[in-house]
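The lines below spell out each chain.
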Amino acid sequence: MLESSHSYSKLLLMLNTQFAAVCFMILSMVSYQISASFAKQLMAVLDPLTVVTLRLCFASIMIFVMFRSWKMIKRLPYLHWRDLLCYTAAVCLMNVLFYASLGRLPQGIAVGLEFLGPLTLALLSIKRRSDYLWVGLAILGIALMVPWQQASGHDFSYLGAAFALGAGVCWAFYIYFGQKVVRQNIGMHALTIAIVMSAMVLLPVSLVHNPHALFQTQYWGYAVVIALLATAIPYALDLMALKQLSKLSYGTLSSLSPAIAAVAGMLLLGEHISVLQTLALACIMLASIGVTLRQTSAKPASTEEAEPGQ
């Protein structure tokens with residue numbers, strides 16, 4: 001009786017943990033989509049490299065103070081730097097390439113192309129045939145959600161599309177190495193290291209590229225808001241989610257982001273959602289629900305199998 005009660009308590013705790021991880025991801029995506037709109041507006045007066053540099057510089061200050069990361073300085077020589085450097089490179093390149101694509105493409109297409117990265121990783125992470133259904137639904141949803149008709153417009157750029165696809169590849173590496181980094185048990189200090197190092201790399205490049213734009217202080221307030229919404233909040237939430245979610249679950253759940261953007265546009269901006277986009281929302285929601293239920297059912301089984309060896 002006590003054993004069954006203990007198992008039930010563990011199951012409830014695990015379900016709550018999985019639900020929290022999914023909530024972290026949703027909040028992260030909402031924050032990031034709002035920030036992308038602000039960044040797109042700021043790029044009307046500043047170049048993409050300047051915008052991403054300002055964002056990461058302000059974000060590094062925020063995160064360093066928020067997580068009191070000066071406590072980590074003594075531990076730096078003992079960290080597993082290979083994974084940390086790969087995670088940092090993924091964060092830095094993902095931001096640079098996505099913002100470069102955002103400056104050349106409609107936001108919907110840039111986001112849709114970038115999401116091919118995590119979805120491809122989800123496909124490569126499949127271990128059960130039934131999981132192809134959920135990833136397939138997510139891919140179908142993205143294909144229907146993205147406004148491909150805008151690709152024939154004057155604001156479409158093949159170079160921008162290449163940048164977006166490159167950002168997607170970096171996003172896949174961000175997920176892969178993010179899971180390795182969270183196992184080092186250094187908490188949010190891993191994020192501080194990645195953002196500070198990214199800012200240190202991009203700042204001298206921007207000073208050479210366009211120093212005048214970098215010091216237009218009237219835009220720093222916008223950059224601070226973007227830093228908070230696009231870096232400090234979503235990356236911290238991502239690290240918490242990656243502790244509990246598999247690459248398959250994270251990659252599939254990431255497809256919710258364009259759906260969230262579409263719903264936010266409908267509710268806040270009065271934008272119209274077409275019949276195809278409604279079908280896309282249904283596909284993405286089904287994929288997200290399916291992969292979440294799959295994750296919660298797989299976890300208890302794995303823990304039960306591990307218990308006899310303890």
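Residues numbered from 1 in each chain as written. Predicted model: local features only at pLDDT ≥ 70, side-chain atom pairs only at ≥ 80, totals over all residues. Heavy atoms only, no water.

Put simply, the rule reads: UniProt positions are given in the numbering used here, feature names are shortened, and annotations may be inferred rather than shown by experiment.
By the naming in an unreviewed UniProt entry, the protein chain is Inner membrane transporter RhtA, taken from Acinetobacter calcoaceticus. Taken verbatim from the UniProt record of the protein chain, the Sequence similarities (unreviewed entry) comment is "Belongs to the EamA transporter family." The UniProt entry for the protein chain carries the following text under Subcellular location (unreviewed entry): "Membrane".

Regarding the pattern of salt bridges
Stated precisely, the cut-off is as follows: Here a salt bridge means any side-chain nitrogen of Lys or Arg lying within 4 Å of a carboxyl oxygen belonging to Asp or Glu. Classification of residues uses two cut-offs on accessible area relative to the type maximum, computed with a 1.4 Å probe and protein chains only: under 20% is buried, over 50% is exposed, and between them is partly exposed.
By the definition in use, this model includes one salt bridge. Salt-bridge contacts for D83 lead to R82; the nearest nitrogen and oxygen are separated by 3.9 Å. Look at D83 and you get buried, because its relative accessible area is 13%. By relative accessible area, which is 65% here, R82 ends up exposed.

Remarks on unusual backbone geometry
Where we set the bar: The helix count covers DSSP runs of H or I at least four residues long, the strand count covers runs of E at least two residues long, and both are numbered beginning at the N terminus.
Here R68, not a glycine, exhibits a phi torsion of approximately 50°, which is positive. The topology assignment puts R68 in the loop between α2 (48-66) and α3 (81-102).

Considering the environment of V196
Tracing the backbone through its elements, the reader meets V196 in helix α8 (residues 189-209). Here V196 falls in the partly exposed class, since its relative accessible area comes to 25%. V196 sits 132 residues away from F64 along the chain, and the two C-alpha atoms are 8.2 Å apart.

A few points about the nonpolar core
Going by this rule: We define a nonpolar core as any set of buried Ala, Val, Leu, Ile, Met, Phe, Trp, Tyr and Cys residues linked to one another through side-chain atoms lying within 4.5 Å. Only heavy atoms matter for contacts: two residues are in contact if any of them lie within 4.5 Å across the pair.
One finds Y87, F98, Y99, Y174, L191 and I195 to be the most contacted residues of the largest nonpolar core, which totals 86 residues. Excluding residues that lie within four positions of it along the chain, L191 makes contacts with I63, F67, Y87, Y235, A236 and L239.

Observations regarding a nonpolar patch on the surface
What counts here: Within this analysis, patches are made of residues with over 30% relative accessible area and no salt bridge. Like charges are joined at 9 Å or less; nonpolar side chains (Val, Leu, Ile, Met, Phe, Trp, Tyr) at 5 Å or less. The method behind every accessible area is Shrake-Rupley, applied with a 1.4 Å probe, and residues are considered shielded solely by the protein chains displayed.
Taken together, I26, V30, I34, F38 and V225 make up a surface patch of nonpolar side chains, about 350 Å² in accessible area. For the nonpolar patch, the element with the most residues is helix α1 (residues 2-42), which contributes four residues. Along the polypeptide, F38 turns up in helix α1.

Quick look at the packing of α2 against α8
What counts, and what does not: In this analysis an axis means a line fitted to C-alpha atoms, helices contributing only their contacting stretch, and an angle means the value between N-to-C directions, from 0 to 180 degrees. In a left-handed crossing the near helix is turned counterclockwise from the far helix by less than a right angle, and in a right-handed crossing that turn is clockwise. Any residue that is not Ala, Val, Leu, Ile, Met, Phe, Trp, Tyr, Cys, Pro, Asp, Glu, Lys or Arg is counted as polar, Gly included; the first ten are nonpolar and the last four charged.
Where α2 meets α8, the closest approach of the two axes is 8 Å, and the angle between their N-to-C directions is 145°. In the packing of α2 onto α8, the handedness of the crossing is left-handed. Of the residues in α8, those touching α2 at L49, V52, T53, L56, C57, A59, S60, I63 and F64 are L191, T192, I195, V196, S198, A199, L202, L203, V205, S206 and H209. For the contact of α2 with α8, the residue count by class is 14 nonpolar, six polar and no charged.

Description of helix α6 (residues 131-145)
Defined as follows: Residue count minus one, scaled by 1.5 Å, sets the expected span of a helix. Of all possible arcs, the one meant is that of the directions from the helix axis to the C-beta atoms.
The terminal C-alpha atoms of α6, which comprises 15 residues, lie 21 Å apart, in line with the 21 Å expected from a rise of 1.5 Å per residue. Among all positions in α6, only D131, V135, L137, A138, G141, I142 and M145 are buried. The buried residues of α6 occupy an angular sector of 155° when projected down its axis, which confines them to one face.

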